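Topology and contacts: notes
As a plain string of letters, each chain reads:
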Amino acid sequence: MTTMLKITKAGNHGILLPQLGIGLDYSGKQAEHVFVSHGHADHIPWKADAKVYATPATAAFMKLRGARNEVQTLPFKQSVETENAKITFYPAGHILGSALTFVESDYGNLLYTGDCRTPPSPASEGFELPNAEIDSFITEATFSLPVYRWADYEELKADITEFATSSLEDGFTPVFLAYNLGKAQEIMHLVKDLDHPVQIHGAGFKLCEVYEQHGIDLGKYETYDRETCQGKILICPSSAINNGFASNVRKKRIAYCSGWAAMESRRSQLTVDKLIPISDHLDFFELIALCEQLRPKMTYITHTPNPDVVKHYLDERGIKSQFLDTKVEQDD
Ligand SMILES: [Zn+2]
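Residues numbered from 1 in each chain as written. Predicted model: local features only at pLDDT ≥ 70, side-chain atom pairs only at ≥ 80, totals over all residues. Heavy atoms only, no water.

1. Looking at the domain arrangement of the protein
Entries for the protein in the domain assignment read domain 1 (8–147 + 281–323) and domain 2 (153–276). Distance between the C-alpha centres of domain 1 and domain 2: 29 Å. Between domain 1 and domain 2, the residue contacts involve 19 residues of the former and 16 residues of the latter. Between domain 1 and domain 2, a total of about 1600 Å² is buried, with carbon and sulfur atoms accounting for 75% of that surface. Our enumeration of links across domain 1 and domain 2 arrives at one salt bridge. Here R117 and E186 are joined by a salt bridge, their closest N and O atoms 2.8 Å apart. Scanning the region where domain 1 abuts domain 2 turns up five residue pairs in polar contact (both at pLDDT 80 or more). In the side of domain 1 that touches domain 2, the residues fall into eleven nonpolar, six polar and two charged. (Domains from an automatic or database assignment. Contact = heavy atoms within 4.5 Å. Buried area = accessible area lost by both parts, 1.4 Å probe. Salt bridge = Lys/Arg side-chain N within 4 Å of Asp/Glu carboxyl O. Polar contact = N/O pair within 3.5 Å; in protein donor to acceptor, adjacent residues only side chain to side chain. Nonpolar A, V, L, I, M, F, W, Y, C, P; charged D, E, K, R; others polar.)

2. So, helix α2 (residues 153–169)
Here α2 contains 17 residues, and its C-alpha end-to-end distance of 24 Å stays within 8% of the 24 Å for a straight helix at 1.5 Å per residue. The inward-facing, buried residues of α2 contact β12 (173–177), α3 (183–191), β15 (233–236), β16 (252–257) and β17 (274–276). Here α2 starts with a cap whose side-chain oxygen sits 3.1 Å from the backbone nitrogen of E154, and that cap is D152. Trailing α2 by a residue or two, G171 shows a phi angle of about 85 degrees, which is positive. (Helix = DSSP H or I, 4+ residues; strand = E, 2+ residues; numbered from the N terminus. Expected span 1.5 Å × (residues − 1).)

3. Topic: the sheet that holds β16
Taken together, six strands build an open sheet; the order of strands is β14-β13-β15-β12-β16-β17 and the sheet is parallel. What marks the edges here is a single partner per strand, and that holds for β14 (221–223) and β17. Pairwise comparison of adjacent strand axes, ignoring direction, gives a mean angle of 25 degrees for this sheet. The pairing of β12 with β15 spans three bridges and is classified as parallel. Directly across from L177, in β15, lies its bridge partner C236. Each of β12, β13 (198–200), β14, β15 and β16 touches α3; the most contacted strand, β13, lies at about 180 degrees to it. Contacts from helix α4 (residues 202–213) reach β13 and β14 within the one sheet, and its direction differs from that of β14 by about 135 degrees. (Pairing = 2+ DSSP bridges. Axes fitted to C-alpha atoms, helices over the stretch in contact; angles between N-to-C directions.)

Below is the structure:
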């Protein structure tokens, strides 16, 4: 291998591998083949007229969220060959359908995380790495400071169920603030053993059917109904609560479920009763451990406010890294 694989960050439009004509979560015009890591809006190639590939669950989410792309479904661990590369998805543990994208080519291989989590979300297909030495590793680093260390998962589960039961016992309606795709269904999966009816925001409700189709048990639930929501376990995104969600229920307690809840300063910005730092991303130490496990020839850090902190920790461990966003190349 004489020439390294060229990687460019295409502004806010994902990543482009120009030698291969391949885009990763990319919505520019220079890729013939685009691979979508998962169904969150910032990863969907809304504008791509390229050939688009996604896992079956991601393709279903894209459709339900209004993406117009023709999507070719690519199940986990089945490969597709383009003119000059072989591409395989592996489960990324972030949300249902989320995939690590593994690209093999004459320029070496590349593993792109999209968004990922290990240990994986129990409401996902798990987390699995390709069995290969990695040349280039592109990783998100959303929670890129040591202050972000998640509690043991059983502890978080206990916290969530305790919040729901104690609120109900005290005559309050518990409301979990969790965004509509991924976090909401994870909370539903976590509280299902309480066997108490759940109402979820309408935009999240329609996505639940994809979870059911993929065998994830979400318990007893229905779509949010203002008239009947009192005394149910409620789930909605933060924005909904400011727009009148359950505003008729006077006695309610609100829990904010997000990795960002690990920062106590959030408490002053949100009027909530409880902060639950449950995330669908790696925490800082899980990120460093993943890089240590892979020991790629080069690690590219992206989706992060603090690349220098991550780079410092990787330097100390002899892992070569660079911040991808410093070389922003606008493609259109
Ligand atoms: Zn995501």
